[in-house]
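# Commentary on secondary and tertiary structure
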Amino acid sequence: MCRAHGTDCIYPRPGESSQRGSVASPRKLTPKSRQAPRTAAQAKKSLSTSTPLHTQQVLTHPVEAVNSSREFAPQTISRPAASLETQSCPPTHEHFDREVFPNLVGIVAEAGDNTSHIVSPAVAEDNDVLESYLSTVPDARRRSVIRSDPNSRRPVRPVLFNTVPRRPLGVSANQSLPATKCELIEKYLEPNVDDVVDLFFHHANICFPIFDEMSFRHVYCTHKENISPALLCNLYANSLIYWENSPTLRSGRHPDIRFIWNQANEALHSELFLSPGISTVMSIILNVCGRPSTSMFGNGGMVGTAVALSNALGLNRDPSNWNIRPMEKKFRIRIWWLVVIHDRWCSLAYGTPLQIHRAQYDVPYPIMDDLCSPNASHSQIAAALVFVSLITLTEVLGTYLQHVYKVSESTPYPPEMSSVDLERLLTDWEESLSGDIRRIILRGTHLNAPGAANFRLAYLAVKLLLRRIQLDLDADTMKADDDDTTSPFYTQAQRAAEEIVHLVKELDESHFRGFWIPVHAFSLTSATTFLLRSGLRRRNSLSNAPLKLAEDMISTLRSHRDRFSWDLADNCLMTCSDLVEKLSSAEAGDDSLSAVPAFQELDFYSSSFLDELLVGFPGLTDTIEI
């Protein structure tokens, strides 16, 4: 076998470590340039002396395919950092260096010269023929196949990875703008860098689990120089929204969040150009989920890039039966679903079609063991339950969005669904819940669990979208001169919007300082605009409850913004506050008609105005008839 694969015969001694490469020393304060890649001969020598034979024959890390010209030890750069002797660093255990370090660093490290890239399933079978030839050619570029479970009855194509150059031609590893940006951010945040990392894990990662906390903290404290600088930049920036949650931090100087985000954005775009990899996908997740959110085009483009990279790295395939370590299986499943969540909710908020379709991935839902360690706290378990339920709710949302964005009449997919079928999807999902998760959804209680308030708003947003779709379907069956307010779905949609108003009014300070997906800001705007739509229809009636609810929403959001700096209120206040005030003034005036010319001059009732006002909200651009 060694001769066939062109490798040296190495018999590891008992107890010999299988760790790839050498462990780099902790980052020092004196900056130095990134180490140049080793030669092919040096890399081959390192592989022969430090890697057991079986790791050369079997793909154990599909994202880092074996190649003789690649350096197995991650490239390093020294950047300043705060003292590593802090309480945030877990105690060192032998199993971390043996199991976690080579695995986790391969994930979070900035990519080297080569990486793996998934091969089209249509040509994956060709590998059986090519492999017999490549195995006789020393140092030939290898392909690595991941076979599905032979006992599985499900016909699944084999997953094939090929080694491809990662960097553009003529770009060297020494050109590292992300490293410079990370050094700048760390200097800016000193001596509070470790406190910022603590904020991330206590408030963000617990609800949106990108990392296994213990594993990441160990690598961060002992091998920080091996972590992708762009990933660190976006982690620091993502954490700053929780600055006021720390008694230590809020007593000092508050950093300029926008300045930090600008540095993180530059680091991410640079890594995306120089060496995109799985760490880039993680950086994008942190970036798009960062608050305050200010760039719709930027976030939408980043989500598209994350989807493309995830597909290229094979994250859309089920790794359960791959010959990789359990930790990496859990990681790949978790990261894929984080990308799916961003794709679905950005699609709802931005008014753009979703990019991930259900038939194109087979990744299973994460289970509690994938998210929680055996000694997890009660809050960690509660947050994990909320996260898994958010994933399943996101799948329901994906089905609704496919219906919303279907514009081709000649395409049979997705199949047409009736209002009853669409309702059953959400009802079946509700019936699948139990315990505190069920109470969060059906009763709106137990919102103190990490991420529960965000989850409740997500559910109400999906419910409102369902009612809008049902209202549109019902309108198609009604006569042209019929008023759609007579539809029972119109009242149900108004009730869903009203529930969102009541949720916002019932939130307290702990919720505002907790975790929120930033695109939920558009859900608040969606509810308010529907209430305004209902209020306009009832402008001549004795009581106008929808308009009163819209006023309550604006006044409550303004209070939350002033008292707690809740950034999710910004979009609704910017979009709807002026319109609510003008409508309220017209309703309160003795001669309400005096305000109508002003409205008409501003085209408040015109189709073009409504299209502009409600852009980005599926189902909202139907014209309000006066």
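On a predicted model such as this, the values are computed, not experimentally measured, just so you know.

### Observations regarding the packing of helix α13 (residues 296-312) against helix α14 (residues 326-350)
Their axes nearest at 10 Å, the elements α13 and α14 cross at an angle of 145°. As for the relative orientation of α13 and α14, their crossing is left-handed in sense. For the pair formed by α13 and α14, the contact residues are Met296, Asn299, Gly300, Val303, Ala306, Val307, Ser310 and Asn311 on the first element and Trp336, Val339, His342, Asp343, Cys346 and Tyr350 on the second. Here the residues of the contact of α13 with α14 sort into eight nonpolar, five polar and one charged.

### Remarks on helix α7 (residues 193-205)
Burial of α7 is extensive: ten of the 13 residues sit out of reach of the surface. All of the buried residues in α7 are Val193, Asp194, Val196, Val197, Asp198, Leu199, Phe200, Phe201, Ala204 and Asn205. Next to the buried residues of α7 lie α6 (177-189), α8 (213-222), α9 (229-239), α10 (247-250) and α12 (278-288).

### Quick word on the state of the cysteines
Applying the stated criterion to the full structure yields zero disulfides. Among the cysteines around Cys233, which has no disulfide bond, Cys182 carries the closest sulfur, lying 4.3 Å off. A residue is classified by how much of its surface remains accessible, and Cys233, at 0% relative accessible area, is buried. Of the cysteine sulfurs around Cys289, a residue in no disulfide, the closest is that of Cys346, at 9.2 Å.

### So, the packing of aromatic side chains
All told, the structure shown has 19 aromatic pairs when counted by the stated rule. Ring geometry for Phe200 against Phe201: centres 5.2 Å apart, planes inclined by 80°, an arrangement best described as edge-to-face. On the accessibility criterion, Phe200 (1% relative accessible area) is buried. With a relative accessible area of 2%, Phe201 lands in the buried category. A ring pair is formed by Trp337 and Tyr361, whose centres lie 5.7 Å apart and whose planes are at 90°; its orientation type is edge-to-face. Of this pair, Trp337 sits in helix α14 while Tyr361 sits in the loop between α14 and α15 (368-371), placing them 24 residues apart in sequence. Considered together, Trp337 and Tyr361 belong to a single accessibility category, that of buried residues. Taken together, the ring pairs connect Phe200, Phe201, Phe211, Phe216 and Tyr220 into an aromatic cluster.

Reading the values: the criteria
Residues numbered from 1 in each chain as written. Predicted model: local features only at pLDDT ≥ 70, side-chain atom pairs only at ≥ 80, totals over all residues. Heavy atoms only, no water. Axes fitted to C-alpha atoms, helices over the stretch in contact; angles between N-to-C directions. Helix = DSSP H or I, 4+ residues; strand = E, 2+ residues; numbered from the N terminus. Left-handed = near helix turned anticlockwise from the far one by under 90°. Contact = heavy atoms within 4.5 Å. Nonpolar A, V, L, I, M, F, W, Y, C, P; charged D, E, K, R; others polar. Buried < 20%, exposed > 50% of the residue type's maximum accessible area, 1.4 Å probe, protein only. Disulfide = S-S within 2.5 Å. Phe/Tyr/Trp six-rings, centres within 6.5 Å; stacked < 30°, edge-to-face > 60°.

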